[in-house]
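Residues per chain are reported as follows:
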Amino acid sequence: MEKIIVINGPNLNLLGTREPDVYGSTTLASIEQRLQIVGEDLRCKLAFFQSNHEGAIIDRLHEAREHEDGILINPGAFTHYSIAIRDAIKAVALPAIEIHLSNIHAREAFRAHSVIAPVCLGQVCGLGVIGYELGLQALVRHLRNEKE
Ligand code: DQA
């Protein structure tokens, strides 16, 4: 059974009330509940982590090396400048998929660039909550193909 860590970065704990016109009105707890159900259908085991702190996210990524097989990550604003999170993903050498609720390519220019994307398998953005589910499906499929 594949183990996946789902990491959400800064301000994503405020989903539901944070800029609902941009991010929707679903809370992070509901996103995680839905993902849990999708995970059970896919027969994989999910763990969830949210932090507003770069170092805490890096520590959790390091832990994933021991405990998980893959990473689903919405790094929030760290997407655009955290070389340290990028390096941590590269260092743990686990397949990762980057998720964004909003279409980062259709917003302010500074959001269009992700320093994380080059160390990920792929990026899902602009599809709202379902993006997490699609990312999870893609990650599990990747892990199963790797084993074949
Ligand atoms: C986000 C996009 C980022 O630019 C922003 O800083 C976020 C959320 C998204 O899910 O659309 O915090 O990652």
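Here is what the cut-offs are and how they apply
- Residues numbered from 1 in each chain as written.
- Predicted model: local features only at pLDDT ≥ 70, side-chain atom pairs only at ≥ 80, totals over all residues.
- Heavy atoms only, no water.
- Phe/Tyr/Trp six-rings, centres within 6.5 Å; stacked < 30°, edge-to-face > 60°.
- Buried < 20%, exposed > 50% of the residue type's maximum accessible area, 1.4 Å probe, protein only.
- Helix = DSSP H or I, 4+ residues; strand = E, 2+ residues; numbered from the N terminus.
- Pairing = 2+ DSSP bridges.
- Right-handed = clockwise from strand over helix to strand, strands pointing away.
- Near = heavy atom within 4 Å.
- Polar contact = N/O pair within 3.5 Å; in protein donor to acceptor, adjacent residues only side chain to side chain.
- Areas by Shrake-Rupley, 256 points an atom, 1.4 Å probe, with all protein chains shown as cover.
- Expected span 1.5 Å × (residues − 1).
- Arc of directions from axis to C-beta.

### Observations regarding the packing of aromatic side chains
Working step 1: A full pass over the atoms with the stated rule returns one aromatic pair.
Working step 2: Taken together, a centroid distance of 5.8 Å and an interplanar angle of 65° make the contact between F78 and Y81 edge-to-face.

### Section: the pairing of strand β4 (residues 96-100)
Working step 1: Extensive coverage of β4 is indicated by the burial of five of its five residues.
Working step 2: Of the two faces of β4, both are covered, the one formed by A96, E98 and H100 as well as the one formed by I97 and I99.
Working step 3: Pairing of strand β3 (residues 70-74) with β4 involves three bridges; the strand directions are parallel. When the sheet's bridge partners are listed, I71 is paired in β4 with A96.
Working step 4: Regarding the hand of the β-α-β motif, the stretch spanning β3, helix α4 (residues 83-92) and β4 is right-handed.

### What about the site of the ligand?
Working step 1: As a matter of local geometry, the ligand sits amid R18, Y23, N74, G76, A77, H80, H100, L101, S102, I104 and R111.
Working step 2: Within the contact set of the ligand, an oxygen atom lies 2.7 Å away from a side-chain nitrogen or oxygen of H80.
Working step 3: Between the ligand and the protein, one listed contact pairs an oxygen atom with a side-chain N or O atom of R111 at 2.9 Å.
Working step 4: For the ligand, whose free accessible area comes to 320 Å², the fraction covered by protein is 99%.

### Some points on helix α2 (residues 28-42)
Along an α-helix, residues three or four apart share an orientation, since each turn contains 3.6 residues.
Working step 1: Taking 1.5 Å of rise per residue, 15 residues should cover 21 Å, and α2 covers 21 Å from first to last C-alpha, within 8% of that figure.
Working step 2: Taken as a whole, α2 has its buried residues at L28, I31, E32, L35, V38 and G39. One face of α2 carries all of its buried residues, which in axial projection span an arc of 120°. Projecting away from the buried face of α2 at angles above 90 degrees are the exposed residues Q33, I37, E40 and D41.

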